[in-house]
Amino acid sequence: MKTIFHKIAALSMAIVVLFSTMSFAIDMHYCGDTLVETAIFQKAVGCEMDMNSLSTKECSVTEKNCCENEQLVVDGQDNLQFSADKVSFNQLLFIASFVFTYNTRFKGIEEKPRPYEKYTAPLVVKEIFKLDETYLI
């Protein structure tokens, strides 16, 4: 049970580190006030309703475009660098003692060899405790 918990905790921490350092962009296309399309990691295509300006020699008519593209960029963390030169002596002492006690915590106690382990018990011919009993009458 403990190993399963350790594996689940390690996997969840790895996923948290992965998603906290990953950066991505969300591209959204609006037509008026309505969201038409959303795309992650690529550009939103749009609704093909872009207004082109009509221009002739006599007059030019320009209309305001009702479509709008918006991009939301989520930046990941870049400051996950561990520098050992900023660690104080007390922190190093704590880390060393923690690692030492954690490693020695799970080692089994060495059992001393028992000299009587190879010998079998003698066969009981008579019940000796019955021979030595005395009764008060």
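Residues numbered from 1 in each chain as written. Predicted model: local features only at pLDDT ≥ 70, side-chain atom pairs only at ≥ 80, totals over all residues. Heavy atoms only, no water.

**Overview of the sheet that holds strand S1 (residues 24-31)**
Now for step 1: Ordered in space as S2-S1-S5, the three strands form an open sheet in which the pairing is antiparallel. The open sheet has two free edges, formed respectively by strand S2 (34-40) and strand S5 (67-74), since each of these has just one partner strand. Neighbour-to-neighbour, the strand axes of this sheet turn through a mean angle of 20°, independent of strand direction.
Now for step 2: Pairing between S1 and S2: six bridges, direction antiparallel. Within S2, the residue paired with aspartate 27 across the bridge is alanine 39. (Pairing = 2+ DSSP bridges. Helix = DSSP H or I, 4+ residues; strand = E, 2+ residues; numbered from the N terminus. Axes fitted to C-alpha atoms, helices over the stretch in contact; angles between N-to-C directions.)

**Some remarks on the environment of glycine 76**
Now for step 1: Residue placement: glycine 76 occurs in the loop between S5 and helix H2 (89-105).
Now for step 2: Residues glycine 76 and leucine 18 lie 58 residues apart in sequence; the distance between their C-alpha atoms is 9.4 Å.
Now for step 3: Excluding its chain neighbours within four sequence positions, the residues that come into contact with glycine 76 are Ser20, Thr21, Met22 and Ser23. (Contact = heavy atoms within 4.5 Å.)

**Focus: the pattern of salt bridges**
Now for step 1: Counted according to the given criterion, the structure contains one salt bridge.
Now for step 2: In this structure, arginine 114 engages glutamate 117 in a salt bridge whose closest nitrogen and oxygen atoms are separated by 3.7 Å.
Now for step 3: Arginine 114 gets classed as partly exposed once you look at its relative accessible area, which sits at 44%.
Now for step 4: Taking the relative accessible area as the measure of exposure, glutamate 117 reaches 54% and is therefore exposed. (Salt bridge = Lys/Arg side-chain N within 4 Å of Asp/Glu carboxyl O. Buried < 20%, exposed > 50% of the residue type's maximum accessible area, 1.4 Å probe, protein only.)

These figures capture arrangement, not role.
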